[in-house]
Amino acid sequence: CRQDRGIVQGCMRTRTHMRQDMQARKQTGANFGRLVHYPHHRDGSDLAEEFGVLVTEEPGYWQVEFPSMPPAEVAAGLRILEGAIRRDRNSPAVFGWFLGNESRLTVDYLRQGKEMCNRADPWKRPVSFANSTATEKAKVQFEEAGLDFFSQHLYDFDSRKFAKTVTGFGPGKPISIDEWGWEDAGRGQIFWERNFDRLLEAVQQGQIAAHAFWSWNDV
């Protein structure tokens, strides 16, 4: 996961800095980067294409209440995402679209967002929502809305969390763990041995289709 800012440059990163940053990510072995939580500069997808990294894009929604959000605000966010789609839809680096991040969801919003993405993107790339809702509730919402893959953010210390998430969602759609790794957050617990190996096992067994560590070089 990457914010569109730098430690020194803030939001005014130069293309040279962005290139160095993308090269450093590539050198870790990464082949996927989630551009959080809003449309990034076009150089983000251009450089991803150059370095052979897949990316996702999203509209800027984070911790919002879709059940009570005025329709005009919902429409505004979808227009923002539509603008990013129309700008970047011909980039081979863009893998898919997230309709937002870590919010209280409605099936109506997810359906509306999926329909907009399919209209704006002639390639009809996969669409999902970067999800922090409990697995059992999110599964129903994602399925009813017709989203293309499941998503879950995992920040607890349960060593079985990857396996439990896979079991909870079931095999109906691919699963992306598009945020994890911030588990320590000042608590002083060592989680690496419990998490990295368990995640790798699930990936190697074909149970998890994608994952993104929170976060790269921005905090």
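The notes below deal with the structure included here. (Residues numbered from 1 in each chain as written. Predicted model: local features only at pLDDT ≥ 70, side-chain atom pairs only at ≥ 80, totals over all residues. Heavy atoms only, no water.)

So, on to the overall build of the protein. Along the backbone of the protein there are seven helices and seven strands. Secondary structure of the protein in N-to-C order comes out as α-β-α-β-α-β-α-β-α-β-α-β-α-β. In terms of overall size, the protein behaves like a compact globule, its C-alpha atoms giving a radius of gyration of 17 Å where 219 residues would be expected to give roughly 17 Å. Based on the C-alpha atoms only, the size of the protein along its principal axes is roughly 45 × 40 × 30 Å. For the protein, the proportion of its 219 residues judged to be buried stands at 48%. Restricting the contact set of the protein to residue pairs at least 6 apart, pairs at least 24 apart contribute 68%. Working note: accessible area of the protein is about 10,800 Å², and carbon and sulfur atoms make up 54% of it. Taken as two groups, the 28 positive and 30 negative side-chain charges of the protein have centres that lie 2 Å from each other. (Helix = DSSP H or I, 4+ residues; strand = E, 2+ residues; numbered from the N terminus. Rg over C-alpha atoms; globule rule 2.2 N^0.38 Å. Buried < 20%, exposed > 50% of the residue type's maximum accessible area, 1.4 Å probe, protein only. Contact = heavy atoms within 4.5 Å. Areas by Shrake-Rupley, 256 points an atom, 1.4 Å probe, with all protein chains shown as cover. Lys, Arg positive; Asp, Glu negative; His and termini not counted. Charge placed at Lys NZ, Arg CZ, Asp CG, Glu CD.)

Time to look at the pattern of salt bridges. Taken as a whole, this structure holds 18 salt bridges when the rule is applied. Across the pair Arg-87 and Glu-57 runs a salt bridge whose closest N-O atoms are separated by 4.0 Å. Of the two residues, Arg-87 is situated in helix H3 (residues 71-88) and Glu-57 in strand S2 (residues 54-57); the sequence distance between them amounts to 30 residues. The salt bridge partner of Asp-88 is Arg-87, with a shortest N-O separation of 2.8 Å. When salt bridges that share partners are traced, they join Arg-42, Asp-46, Glu-57, Arg-87 and Asp-88 into one network. (Salt bridge = Lys/Arg side-chain N within 4 Å of Asp/Glu carboxyl O.)

Looking now at the nonpolar core. Among the nonpolar cores identified, the biggest contains 44 residues, and Phe-66, Leu-99, Tyr-109, Leu-110 and Phe-129 are the most heavily contacted of them. Core analysis: the next-biggest nonpolar cluster, separate from the first, contains five residues, Cys-1, Phe-32, Val-36 and Trp-214 among them. (Core = buried A, V, L, I, M, F, W, Y, C linked by side-chain atoms within 4.5 Å.)

When you line up the elements, Leu-99 lands in strand S3 (residues 94-101). Placed 103 residues apart in sequence, Leu-99 and Ala-202 show a C-alpha to C-alpha distance of 26 Å. The contacts of Leu-99, once residues within four sequence positions are left out, are Pro-59, Tyr-61, Leu-81, Tyr-109, Leu-110, Gly-113, Lys-114, Cys-117, Val-127, Ser-128, Phe-129 and Leu-147.

It is worth spelling out the packing of helix H5 (residues 135-145) against helix H6 (residues 161-169) at this point. Packing of H5 against H6 brings their axes to within 9 Å, and their N-to-C directions diverge by 40 degrees. It follows that H5 is oblique to H6 by the angle criterion. Crossing geometry of H5 relative to H6 is assigned as right-handed. Taking contact as the criterion, the partners of Thr-135, Ala-138 and Lys-139 in H5 are, on H6, Thr-165, Gly-168 and Phe-169. In terms of residue class, the contact of H5 with H6 is made up of two nonpolar, three polar and one charged. (Axes fitted to C-alpha atoms, helices over the stretch in contact; angles between N-to-C directions. Parallel < 35°, antiparallel > 145°, perpendicular 65-115°, else oblique. Left-handed = near helix turned anticlockwise from the far one by under 90°. Nonpolar A, V, L, I, M, F, W, Y, C, P; charged D, E, K, R; others polar.)

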